[in-house]
Amino acid sequence: MRISATVAAVSGALVLSAFAVPAAQAAGSDAGSYRSDIAKIREAAHTASGKATLSGSTVATPADDQPYALNVTFSNIKVNSGKPIVAGAAAHVSVPVTYTLTHGTDVDITASDFWTDLFLYKGSLDEPSNMIFDDDLAKCTATSATVASCKGSLDIYPGEGDLSNTDAGAWKAGAEAIAWNGQDPTSTSIDITKVGYADKGGFASPNVTRLSKLTVNAAPEPVKKGKTITVTGKLTRANWDANNYTGYSTQPVKLQFRKKNSTTYTTVKTIKTSSTGALKTTLKATVDGYFRYSFAGTSTTAPINATGDYVDVK
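Quick caveat, the model's predicted, so the values are computed rather than measured.

**Student:** In this structure, what is going on with the environment of Lys280? I would like to understand it.
**Tutor:** If you trace the backbone, Lys280 turns up in strand S20 (residues 278-284). Its relative accessible area of 62% is what places Lys280 among the exposed residues. The spacing of Lys280 and Asn217 is 63 residues in sequence and 9.5 Å in space, taken between C-alpha atoms. Ignoring any residue separated from it by four or fewer positions in sequence, one finds Lys280 in contact with Thr230, Val231, Thr232, Ile271 and Tyr293.

So this is what it looks like as structure tokens:
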């Protein structure tokens with residue numbers, strides 16, 4: 001999710017400009033509003049120390065015009081149970097996240113204006129090229145006086161421009177928390193020195209991958225024993241730039257066969273897709289059974305098995 005923000009310090013108070021928030025964030029519980037509010041504080045926290053902003057520029061913010069360091073740490077980050085995140089060309093994808101939040105006794109995580117969430121980012125934490133958030137804040141349950149177990153989700157809207165094809169592959173996870181301490185996050189002028197903020201990145205995350213599709217057709221059917229069977233198909237994957245599916249070229253794909261009344265597929269041969277993702281090979285008919293193509297997947301694209309196509313051998 002691409003978020004841009006600018007921050008200016010005026011007379012000891014923080015004046016916040018308009019923030020660009022994707023249309024998808026309008027979904028959920030006022031998601032667009034709270035997301036931009038968090039972006040304001042993150043921006044101020046990162047620029048105050050001279051770090052690069054989310055928009056890639058550098059803003060010199062006086063040391064007394066930044067949120068104070070909130071006494072919160074994060075651990076046990078788990079995204080989608082460690083499984084790759086698979087996103088299609090346009091449909092909304094939501095994946096579960098959990099983490100442990102440890103805090104000082106001076107931090108009231110039950111306060112209505114204490115916020116926390118988990119996010120994914122591409123690139124570096126200080127200068128991410130893209131970020132993925134949830135439609136709502138995480139919910140935390142205290143397990144002791146200073147430890148809480150938090151649950152949330154990550155929401156991706158490829159059809160709204162959340163992902164581009166270059167985003168496929170490795171991401172990192174981060175978590176953050178804000179204590180507003182009575183400051184109104186919707187205000188255009190707040191005393192940021194009274195707001196506490198903590199974030200931490202560099203946590204492991206599963207890859208974000210492009211959904212793949214695979215077809216198969218074995219012909220002719222029925223076919224006489226010993227005659228040639230031609231097996232065609234096509235491997236495509238989500239194109240996040242165009243919100244459609246396009247051929248995945250020069251990829252190894254296995255042709256597999258399962259005898260009638262059997263439950264096990266056996267690999268017959270491995271071939272590569274054409275420049276358009278097309279597949280075609282031939283073999284001799286022997287016994288009744290099902291043919292399918294099987295793609296093992298890559299770091300950027302999810303694995304897929306085609307639905308078996310039955311051939312009756314006479």
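**Student:** Can you help me understand the nonpolar core in this one?
**Tutor:** In summary, soluble globular proteins display a tendency toward joint burial of nonpolar side chains. Counting 36 residues, the largest nonpolar core has Phe74, Ile77, Val79 and Leu120 as the members making the most contacts within it. Ranked by residues supplied to this core, first place goes to strand S6 (residues 93-103) with 5 residues. Dropping the residues within four chain positions of it, Leu120 is found in contact with Val79, Ile85, Asn130, Met131, Ile132, Leu154, Trp171, Lys172, Ala173, Ser205 and Val208. Ala218, Val231, Val253 and Leu255 belong to the second largest nonpolar core, which has 21 residues in total.

**Student:** I'm lost on the sheet that holds strand S11 (residues 172-179) in this one. Help?
**Tutor:** Adjacent strands of a sheet form backbone hydrogen bonds with each other and so pair up, either parallel or antiparallel. Strand order across the open sheet formed by 5 strands is S3-S13-S11-S7-S8, with mixed pairing between neighbours. On the outer flanks of this sheet lie strand S3 (68-69) and strand S8 (128-132), each paired with one strand and no other. Sheet topology note: the S3/strand S13 (residues 196-204) ladder contains 2 bridges and is parallel. Among the inter-strand pairings, Tyr68 is bridged to a residue of S13, identified as Gly196.

**Student:** Sorry if this is basic, but what is going on with the confidence of the model for the chain here?
**Tutor:** Of all residues in the chain, 84% attain a pLDDT of 70 or more, and the chain-wide mean is 87. Segment residues 1-29: pLDDT under 50, and 78 contacts once partners within four positions in sequence are set aside and those in other chains are kept.

The rules behind these values
Each chain has its residues counted from 1, running along the sequence as written. The predicted nature of this model means local features are confined to residues of pLDDT at least 70 and side-chain atom pairs, given and counted, to a pLDDT of 80 or more, with totals for whole chains, interfaces and linings taken over all residues. Values reported for side chains reflect all heavy atoms of the structure, with hydrogen atoms and water molecules removed beforehand. Runs of E in the DSSP output that reach at least two residues are strands. Runs of H or I that reach at least four are helices, and both are numbered from the N terminus. To sort residues, take the accessible area from a 1.4 Å probe on protein chains only and compare it with the maximum for the residue type: under 20% means buried, over 50% means exposed, and anything in between is partly exposed. We call two residues in contact whenever any of their non-hydrogen atoms come within 4.5 Å of each other. Definition of nonpolar core: a set of buried residues of the types Ala, Val, Leu, Ile, Met, Phe, Trp, Tyr and Cys, connected through side-chain atoms within 4.5 Å. Should DSSP find at least two bridges between two strands, the strands are taken to pair. A score between 0 and 100, pLDDT records how confident the predictor is in each residue.

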